[in-house]
Amino acid sequence: MKELLQGNEAVARGLYEAGVTVVSSYPGTPSTEITEAAAMYDEIYCEWAPNEKVAAEVAAGAAIGGARSFCGMKHVGLNVAADPVFTMSYIGVNGGMVIGVADDPGMHSSQNEQDSRNYAIAAKLLMLEPSDSAECRDMTKLAFELSEQFDTPVMLRLSTRIAHSRSIVDTVDRVDVPLRPYVKNAAKNVMLPAFARPKHEMVEARTVKEREWAEICALNFVEDNGSATGVIVAGSVYKYAKEALGDTVNYLKLGVVNPLPVEKIRNFANGLDKVYVIEELDDILETHCRKIGVEVIGKDLFPRCGEFSQKLIAEKMGVARDESVSIEESIPVRPPVMCCGCPHRGLFYALKREGVYVSGDIGCYTLGASAPLGAMDACICMGASISALHGYNKARGAEAEKKAVAVIGDSTFMHSGVTSLIDIAYNRSNSTVIILDNSITGMTGHQQNPTTGLTIKGDPTSAVDLEALCRAIGIQDVQVVDPYDLKATRAALKAALTAECPSVIISRRPCALLKTVKHKPALTVDTDKCIGCKACMGIGCPAISMKDGKAVIDATQCVGCGVCTDLCPKKAIG
Amino acid sequence: MKSVMIVGVGGQGTLLASRVLGRVMLDAGYDVKVSEVHGMSQRGGSVVTYVRWGDKVESPVINEGEADVLLAFEQLEAARFLPYLKKDGVVVTNTQQIDPMPVITGAAVYPEKLIEKLEEKGVRLTALDALSLAKEAGSQKAVNVVLIGAMASSLDIPEALWIEAIEKTVPPKFLEMNKRAFELGFHA
């Protein structure tokens, strides 16, 4: 059946058709929908793991156990999962194992722009890269066959444009793959040094065989248009190049991006006047070409930063484009903001008023860094808020401890904040940590997590008791506040900062976008009472603006949270 | 090949609009690509989705000077993405104004008379108050379907295909309201 599938949905379809039975992932834009879509198939056991390392290990265990398994993550998630991934390269598989990783060129929703192909090289793993949804499905299925054929986990690299674009996939039926027998084999599966040394030899030999396959496989193909110019491309860039350059050049399209073929590239370049390598981010293909003695034009012409497009390729290659029109007016930017009724707003307003150093983390609340709240000093990676606060406090001493906090969401705390909090308790750090518990994984679009009491399929399960967990690891000072209650929030903050012990504040209120959250009617401003003092503007609510010197609330956006009501000195909002 | 760019403010329902349009073109027998936006930029930021169809579509994205139709859910976004329109392209825009944060904080000013300025550029323009029409249909949340209707009237595709696509993409209990919203937009 022909369906218009998102790249992520097409990967999920590939998992289904390939007979996969175990999927474990942690959500991360742009990879999240792979696992959400896979969870719609009853034949696949699917779960949200607390983090990517756990997910990769679950998939690894399932593969050792004889099932076809998958774990999905965003590029930075692969940093977290790297430890098991590198050693699974030595162990190999029983049932096939595929690791899906989605890079984010252009950083639509990420803190860096790292190129996951480097991981495939470093971990010595086969990596495939599709260029549309049909290839997402096809390569996912093929990846399992390759995994079992070469006895290796296989990586599938997506980018934002592939993961989040829809194109046509002709779906077919699932083929059930029986569980492979499990036979105890310590030399294969227990990576003691004595067992690992011969395995490394095997990995190197495997790469040679994989490269031989890459020379002849149909995923690496040439389109000969009789031109004297050739371009070497992979993934989304292939489609941009096809649109920009049409049949004016010859193409070598690489579906296998690690290991790269040698003779295939030499043969393609042979007799051409010029060969361009067009690749987003790092110069992986280009470096390989130079290494094998093929002269190419690459990063001297094309940027290392940002996302490519047909326009960029056309301009760099000197192809003329149509002009466009624009308005000669400065158009204000529209950055993302916390939603109306967002529970984080009250908390960040309290932090701003307190003027504290805020060690931030990854989630919707990173938007607390933006004007007018501007209440964040640093943000590194998942879970770093707590440990980086600890380091900041150790560097700057007792006075700093009274003026510094960490903020971390419930899902991020489960991901990798717990170990950092243990560090604070264990090493007697007088630090204040605020867990923003909005009962969901918010930024990636509402995924369940170990604190919500529901599985990925919506079934009830145990929920982590955050208060009890904090106490169990040695934090005695644990407060719970409602961030809509500004007075209570500020009081809790003051108490925690002055306490002579490590403190945790759990700022608890569900995300305002959750379907289960009932909204109150929109608030209005009594213009007779409003004096235009702009006190209500300080919280950065997108529903509040000033018109003719008075505050105005947009009824289409306001959800009646009432945080602004408390701020109004004239009680004009109600 | 035809290219439609749908722009708006995160939360306005541009994703649904792009999915309905993609579905219609799939059912009409074309090769189709739709590019969506997820994650951080969805949170009240400027959002863009692309829909392209034809005998063969390569790139899923639309660059400057390539859109046949620019469908804007908010007028500032119409102005922002005007450079993406082809010279003889069509702009369909909601007249609704949503202040971005720099305007709210006073760091920037919302430009005045944007619709007039768009008209001065010589583009073919349809401006409609989709919010009022959505309320007339029964819910302000149907703004996106009103705008789909307005865009549909500028594309040469039978109305029945649109209704069918809406039936496939919206929950049954909101179907009648959404059909009304589509009609109001289509005839606006």
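The rules behind each value
- Throughout this description, residue numbers start from 1 for each chain and increase along the sequence as written.
- Labels follow written order: the first chain is A, the first ligand is 1, and so on.
- Given that the model is predicted, a residue must reach a pLDDT of at least 70 before its local features are reported, and side-chain atom pairs must reach 80 or more before they are shown or counted; all residues, however, enter totals for whole chains, interfaces and linings.
- Values reported for side chains reflect all heavy atoms of the structure, with hydrogen atoms and water molecules removed beforehand.
- Only DSSP runs of H or I covering at least 4 residues are called helices, and only runs of E covering at least 2 are called strands; the numbering of each starts at the N terminus.
- Relative accessibility thresholds used throughout: buried, under 20% of the residue-type maximum; exposed, over 50%; partly exposed, between the two (1.4 Å probe, protein chains only).
- The accessible surface values rely on the Shrake-Rupley method and a 1.4 Å probe; as for residues, cover is taken only from the protein chains in view.
- Inter-axis angles, ranging from 0 to 180 degrees, are taken between N-to-C directions of lines fitted to C-alpha atoms, where helices are fitted over the stretch in contact.
- Note on terminology: angles under 35 degrees are roughly parallel, angles over 145 are roughly antiparallel, angles of 65 to 115 are roughly perpendicular, and the others are oblique.
- Each crossing gets its hand from how the near helix is turned against the far one by less than a right angle, where anticlockwise is left-handed and clockwise is right-handed.
- It only takes one pair of heavy atoms within 4.5 Å for two residues to be counted as in contact.
- Under the grouping applied here, Gly and all other residues not named as nonpolar or charged are polar, the nonpolar ones being Ala, Val, Leu, Ile, Met, Phe, Trp, Tyr, Cys and Pro and the charged ones Asp, Glu, Lys and Arg.
- Here, a strand pair is defined by DSSP locating no fewer than two bridges between the strands.
- What qualifies as a polar contact is a pair of N or O atoms within 3.5 Å, subject to a donor-acceptor requirement within protein and to the restriction that residues adjacent in sequence count only when both atoms come from side chains.
- Just so you know, the domain bounds were taken from an automatic or database domain assignment.
- In this description, buried area is defined as the sum, over both parts, of the accessible area (probe of 1.4 Å) that is lost when the two are combined.
- Just to be clear on terms, a salt bridge is a Lys or Arg side-chain nitrogen sitting within 4 Å of an Asp or Glu carboxyl oxygen.
- Residues grouped as a nonpolar core are buried Ala, Val, Leu, Ile, Met, Phe, Trp, Tyr and Cys residues, joined through side-chain atoms within 4.5 Å.
- What a helix is expected to span follows from its residue count: subtract one and scale by 1.5 Å.
- For this analysis, a ring pair means two rings from Phe, Tyr or Trp (six-membered ring only for Trp) whose centres lie within 6.5 Å, classed as stacked if their planes differ by under 30 degrees, edge-to-face if by over 60, and tilted for the remaining angles.
- Charge over a ring is defined by NZ of Lys or CZ of Arg lying within 6 Å of the ring centre and within 35 degrees of the ring normal.
- How sure the predictor is of each residue is captured by pLDDT, a score from 0 to 100.
- By definition, disulfides here are pairs of cysteine sulfur atoms that lie within 2.5 Å.

*Asks:* What should I look at first to understand the overall build of chain B in this one?
*Replies:* Along chain B, the regular secondary structure elements total 8 helices and 6 strands. Going residue by residue from the N terminus, the α and β elements of chain B occur as β-α-β-β-β-α-β-α-α-β-α-α-α-α. Considered along the principal axes of its C-alpha atoms, chain B spans approximately 45 × 40 × 35 Å. Among the 188 residues that make up chain B, the fraction classed as buried is 64%. Accessible surface, chain B: about 7,000 Å² in total, of which carbon and sulfur atoms supply 49%.

*Asks:* Is there a simple way to think about the packing of helix α5 (residues 130–137) of chain B against helix α8 (residues 175–186) of chain B in this case?
*Replies:* Pairs of packed helices are described in terms of their axes, by the angle between the two and the distance that separates them. Residue and element names in this part refer to chain B. Close contact between α5 and α8 brings their axes to 8 Å; oriented N to C, the two are set at 140°. Considered as vectors, α5 and α8 are oriented oblique to each other. Crossing angle aside, the handedness with which α5 passes α8 is right-handed. Contacts between α5 and α8 involve Leu133, Glu136 and Ala137 from the first element and Met177, Arg180, Ala181 and Leu184 from the second. Among the residues making up the contact of α5 with α8, the classes are represented as 5 nonpolar, no polar and 2 charged.

*Asks:* Quick question: what am I supposed to make of the sheet that holds strand β2 (residues 31–35) of chain B here?
*Replies:* Strands pair in a sheet through their backbones, by hydrogen bonds, and they do so in one of two ways: parallel or antiparallel. Pairing is mixed in the open sheet, where 8 strands are placed in the order β1(A)-β8(A)-β2(B)-β3(B)-β1(B)-β4(B)-β5(B)-β6(B). The open sheet terminates on both sides in strands that have one partner only, identified here as β1 (2–6) of chain A together with β6 (124–128) of chain B. The sheet shows a mean angle of 20° between the axes of neighbouring strands, taken without regard to direction. Two elements, β1(A) and strand β8 (residues 165–170) of chain A, share 5 bridges in a ladder whose sense is antiparallel. Paired with Leu5(A) across the two strands is Ser167(A), which belongs to β8(A).

*Asks:* What should I look at first to understand the side chain of Thr412(A) in this one?
*Replies:* Residue and element names in this part refer to chain A. Residue position: threonine 412 is located in helix α17 (residues 410–426). In this structure threonine 412 comes out as buried when scored by relative accessible area, which is 5%. Side chain to side chain, threonine 412 and tyrosine 365 meet in a polar contact 3.2 Å long. Every residue in contact with threonine 412, bar those within four places of it in the chain, is listed here: Tyr26, Asp361, Ile362, Tyr365, Met382, Gly383 and Gly417.

*Asks:* Help me understand the domain arrangement of chain A in this model?
*Replies:* A common way to state how big an interface is: give the accessible area lost once the parts meet. Residues and elements named next belong to chain A. Entries for chain A in the domain assignment read domain 1 (2–216), domain 2 (221–316), domain 3 (343–508) and domain 4 (518–574). Domain 3 and domain 4 are separated by 28 Å when their C-alpha centres are compared. Facing the 7 residues of domain 3 at the interface are 10 residues of domain 4. Buried surface at the junction of domain 3 and domain 4, summed over both partners, amounts to about 800 Å²; 66% is from carbon and sulfur atoms. Inspection of the region where domain 3 meets domain 4 yields 0 salt bridges. Of all the elements, helix α14 (residues 343–354) adds the most residues to the side of domain 3 that touches domain 4, at 3 residues. Per-class residue counts for the side of domain 3 that touches domain 4 are 5 nonpolar, no polar and 2 charged.

*Asks:* What should I look at first to understand the nonpolar core in this one?
*Replies:* Side chains of nonpolar character tend, in soluble globular proteins, to be buried together. Counting 68 residues, the largest nonpolar core has Phe348(A), Leu351(A), Val407(A) and Val433(A) as the members making the most contacts within it. Built from parts of two domains, this core gets at least three residues from each of domain 3 (343–508) and domain 4 (518–574) of chain A. Dropping the residues within four chain positions of it, Phe348(A) is found in contact with Met338(A), Tyr365(A), Gly368(A), Leu373(A), Ala375(A), Met376(A), Val407(A) and Leu436(A). Counting residues in each nonpolar core, the second largest holds 47 residues, with Val51(B), Trp53(B), Val90(B) and Ala137(B) among its members.

*Asks:* Would you explain helix α9 (residues 193–216) of chain A in this entry?
*Replies:* Along an α-helix, residues three or four positions apart point the same way, because every turn accommodates 3.6 residues. All names here are of chain A. Compared with an ideal rise of 1.5 Å per residue, which puts 24 residues at 34 Å, α9 spans 35 Å between its outermost C-alpha atoms and is within 8% of the ideal. Looking at α9, one finds that the buried residues are Ala196, Lys199, Val203, Arg206, Thr207, Glu210, Trp213 and Ala214. Of the surrounding elements, those touching the buried residues of α9 are α4 (75–91), β6 (126–128), α6 (133–150), α8 (186–189), β12 (256–258) and α11 (263–269).

*Asks:* Help me out: how do you make sense of the packing of aromatic side chains in this one?
*Replies:* Two aromatic rings are characterised by how far apart their centres lie and by the angle between their planes. All names here are of chain A. Considering all chains together, one arrives at 10 aromatic pairs over all chains under this definition. On the basis of an interplanar angle of 90° and a centroid distance of 6.2 Å, the ring pair of tyrosine 238 and tyrosine 251 is categorised as edge-to-face. Here tyrosine 251 lies in strand β11 (residues 250–254) and tyrosine 238 lies in helix α10 (residues 235–245), a separation of 13 residues in the sequence. Here tyrosine 238 matches tyrosine 251 in class, with each residue buried. An aromatic cluster is present here, built from Phe221, Tyr238 and Tyr251 joined pairwise through their rings. Directly above the ring of tyrosine 251 sits lysine 242, whose terminal nitrogen or CZ lies 5.4 Å from the centroid.

*Asks:* Looking at this structure, how should I read the confidence of the model for chain B?
*Replies:* Segments scoring low in pLDDT should not have their predicted coordinates read at a detailed level. Of the residues in chain B, 98% reach a pLDDT of 70 or more, and the chain-wide mean stands at 93. This complex was scored by the predictor with a pTM of 0.97 and an ipTM of 0.95.

*Asks:* Honestly, the interface of chain B and chain A in this entry has me stumped. Any pointers?
*Replies:* Taken together, the 61 residues of chain B in the interface contact 59 residues of chain A. Taking both partners together, chain B and chain A bury about 4,900 Å²; carbon and sulfur atoms supply 58% of that area. Taken together, the connections running from chain B to chain A amount to 10 salt bridges. Among the ionic pairs, Glu58(B) bridges to Lys239(A), the shortest N-O distance being 3.9 Å. For the interface between chain B and chain A, the tally reads 26 residue pairs in polar contact (both at pLDDT 80 or more). At the level of secondary structure, the elements contributing two or more residues to the side of chain B that touches chain A comprise α1 (14–27), β2, β3 (46–54), α2 (75–80), β5 (85–94), α3 (101–104) and α4 (114–120) of chain B. Of the residues contributing to the side of chain B that touches chain A, the split by class is 29 nonpolar, 14 polar and 18 charged. As paired elements, β8(A) and β2(B) share 3 bridges and run antiparallel to each other. The residue of β2(B) that forms the bridge with Arg166(A) is Val34(B).

*Asks:* Honestly, the state of the cysteines in this entry has me stumped. Any pointers?
*Replies:* Every disulfide links exactly two cysteines, by a covalent bond between their sulfur atoms. Residue and element names in this part refer to chain A. Enumeration over the complete set of coordinates arrives at 0 disulfides over all chains. You can see cysteine 470 has no disulfide; the closest cysteine sulfur is in cysteine 501, sitting 12 Å from it. This cysteine, cysteine 530, is not joined by any disulfide, and cysteine 536 carries the nearest cysteine sulfur, 6.5 Å off.

*Asks:* Before we go on, may I ask you to explain the pairing of strand β4 (residues 69–74) of chain A in this structure?
*Replies:* The side chains of a regular strand alternate, residue by residue, between the two faces of the sheet. Residue and element names in this part refer to chain A. Of all 6 residues in β4, 6 are buried, a share of seventy percent or more. In this structure, strand β2 (residues 22–25) lies alongside β4, joined through 2 bridges in parallel fashion. Residue pairing in the sheet places valine 22 in a bridge with serine 69 of β4. Bridging between β4 and strand β5 (residues 97–103) involves 6 bridges; their strand directions are parallel. If you follow glycine 72 over to β5, its bridge partner there is glycine 100.

*Asks:* Sorry, what's going on with the environment of Val4(B) here?
*Replies:* Residues and elements named next belong to chain B. Examined against the element boundaries, valine 4 turns out to sit in strand β1 (residues 2–9). Overall, the relative accessible area of 1% leaves valine 4 in the buried class. In this structure the C-alpha to C-alpha distance between valine 4 and arginine 23, which are 19 residues apart in sequence, comes to 13 Å. Discounting chain neighbours no more than four positions away, the residues touching valine 4 are Leu21, Thr49, Tyr50, Val51, Trp53, Ile62, Val69 and Met151.

*Asks:* Where do I start with unusual backbone geometry in this structure?
*Replies:* Most of the time, phi is negative for any residue but glycine, and the peptide bond is trans. Residues and elements named next belong to chain A. In this chain, threonine 29 is followed by proline 30 through a cis amide linkage whose omega measures 10°. Tracing the sequence through the fold places proline 30 in the loop between β2 and α2 (32–38). With an omega of -10°, the peptide bond between asparagine 258 and proline 259 qualifies as cis. Considering the arrangement of structural elements, one finds proline 259 in the loop between β12 and α11. Not every positive phi belongs to a glycine, and methionine 107 is a case in point at roughly 50°. Under the relative-accessibility criterion, methionine 107 is labelled partly exposed at 35%. Phi is positive for aspartate 151, close to 55°, though the residue is something other than glycine.

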